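Spelled out from the first residue to the last, the chains are:
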Amino acid sequence: MGNILISGASSGIGAALAHAYAAPGVDLTLWGRDRARLQSVAETCRARGAHVATSSFDLTDLEALHAALDAAVCPDIAIFNAGLGGSVPHDAVAQDSRAAGRMAMVNFVAPVIGANAVADKMGRRGAGHIVLVGSIAALFPLPMAPTYSGSKAGIKMFAEALDARMRRHGVFVTLVSPGFIDTPMSQSVTEPKPFLMTPEKAAAVIKRKVARGARQVVVPWQYAAIGALSRVVPKFLVRAILSKF
Ligand SMILES: NC(=O)c1ccc[n+]([C@@H]2O[C@H](COP(=O)([O-])OP(=O)(O)OC[C@H]3O[C@@H](n4cnc5c(N)ncnc54)[C@H](OP(=O)(O)O)[C@@H]3O)[C@@H](O)[C@H]2O)c1
């Protein structure tokens, strides 16, 4: 069934994806930062019959990232899912610049490095599938999370451009745009979370649509309608609504 690389596999959507893909004949390479949680996910995947290798490192450590990419065999599917959320505290004028730097590294720089590295290997082989996990936040200039929405908008454009470049080399690229998924990341959000979906359900939808070669996956599907609305509602209105948060 192939070789699958998943970043951010120690929690949330990444852990659910690892569980969903785990089966006899599957080689999983799981990346995460928290060693104990990553091992626990790996054990569950082994119990389902998969062969599992793990690597614990911080994605802001670019040397460690390049080393892990060099060590990995060319995957059939590479899922760059790791992400750092969080909004700017209400009492702050702007986001702490170091925190913003870490967020931009994890959400944009690391997946761009990872996807280019595997795209090169997959393209030379003539087959492969890259999955980039963005966010519906890419469609909205969120005043409470400028770095988060900006980094996810960057990933969205990167995924679309990489797809346009790589299809002629036999490599598919899928952009996953989650709305609210019930993981530790969204559990810190205190505002209402419409259409909240379990990570297991999200992983099942992502796996099914990736297998079909979809360019875009929006989970839950209702956020696709919200995304379509964002394209027709005038920008001044979007800004006025968002400024209320
Ligand atoms: N949950 C939602 O509602 C939602 C909505 C839109 C988009 N997303 C996106 O979905 C993806 C998965 O998020 P999630 O909800 O599953 O969140 P999560 O449960 O917090 O998991 C995030 C994963 O990213 C890893 N990660 C974070 N910072 C890292 C770093 N510096 N180095 C290495 N790994 C790091 C975490 O590793 P450790 O736990 O080991 O530190 C964890 O495995 C993210 O890209 C997120 O932006 C989620």
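Here the structure is a predicted model, which means the values were calculated and not measured.

Moving on, we come to empty space enclosed by the protein. The final tally for this structure, using the stated rule, is 1 cavity of 30 Å³ or more. In this structure, the largest cavity encloses a volume near 50 Å³. Around the largest cavity sit S7, W31, L59, L65, F80, N81, A82, V106, A110 and P111, which together line it. Tallying contributions element by element places helix α4 (residues 97-125) first for the lining of the largest cavity, with 3 residues. Looking at side-chain class alone, the lining of the largest cavity contains 8 nonpolar, 2 polar and no charged residues.

A separate point is the nonpolar core. Soluble globular proteins tend to bury their nonpolar side chains together. Counting 34 residues, the largest nonpolar core has I6, L28, L30, I79 and V219 as its most contacted members. Sorting the residues of this core by element identifies β1 (2-6), α1 (12-21), β2 (26-32), α2 (35-47), β4 (77-80), β5 (128-133), α7 (199-211) and β7 (216-219) as the ones contributing at least two each. The biggest single contributor to this core is α1, with 6 residues.

With that settled, the discussion passes to unusual backbone geometry. That bond from V219 to P220 is cis: its omega, -15 degrees, falls within 30 degrees of zero. With respect to the secondary-structure elements, P220 resides in the loop between β7 and α8 (222-232). Phi at F195 takes a positive value of approximately 60 degrees, unusual for a residue other than glycine. Along the polypeptide, F195 turns up in the loop between α6 (184-187) and α7.

Another point: the pattern of salt bridges. Enumeration according to the criterion identifies 8 salt bridges in this entry. Close ionic contact of D58 with R33 constitutes a salt bridge, the shortest N to O distance being 3.8 Å. Here D58, found in the loop between β3 (51-56) and α3 (62-71), pairs with R33, found in the loop between β2 and α2; they are 25 residues apart in sequence, far enough to count as distant. The class of R33 is exposed, set by a relative accessible area of 58%. In this structure, R167 engages D163 in a salt bridge whose closest nitrogen and oxygen atoms are separated by 2.8 Å. The exposure class of D163 is buried, given its relative accessible area of 6%. The network of salt bridges with common partners includes D163, R167 and R215.

How each quantity is defined
- Each chain carries its own residue numbering, running from 1 in the direction its sequence is written.
- Local features in this predicted model are restricted to residues whose pLDDT is 70 or higher, and side-chain atom pairs enter the listing and the counts only when it is 80 or higher, whereas totals over whole chains, interfaces and linings include all residues.
- Based on all heavy atoms of the structure, the side-chain values leave hydrogens and waters out of the count.
- Detection works on a 1 Å grid of protein atoms alone, calling trapped sets that fit a 1.4 Å probe cavities and calling open sets with protein on both sides within 12 Å along at least five of seven lines pockets, with lining residues defined by an atom within 4 Å of a point.
- Grid points are joined across faces, edges and corners, and a volume is the space filled by probe spheres set on the points.
- By the criteria applied, helices consist of DSSP H or I runs no shorter than four residues and strands consist of E runs no shorter than two, each listed in order from the N terminus.
- We call Asp, Glu, Lys and Arg charged. Ala, Val, Leu, Ile, Met, Phe, Trp, Tyr, Cys and Pro are nonpolar, and the rest, Gly among them, are polar.
- Grouping buried Ala, Val, Leu, Ile, Met, Phe, Trp, Tyr and Cys residues that are joined through side-chain atoms within 4.5 Å yields what is termed a nonpolar core.
- Each residue's exposure class comes from its accessible area (1.4 Å probe, protein chains only) as a fraction of the maximum for that residue type: buried when under 20%, exposed when over 50%, partly exposed otherwise.
- Salt bridges are identified by distance alone: a Lys or Arg side-chain nitrogen within 4 Å of an Asp or Glu carboxyl oxygen.

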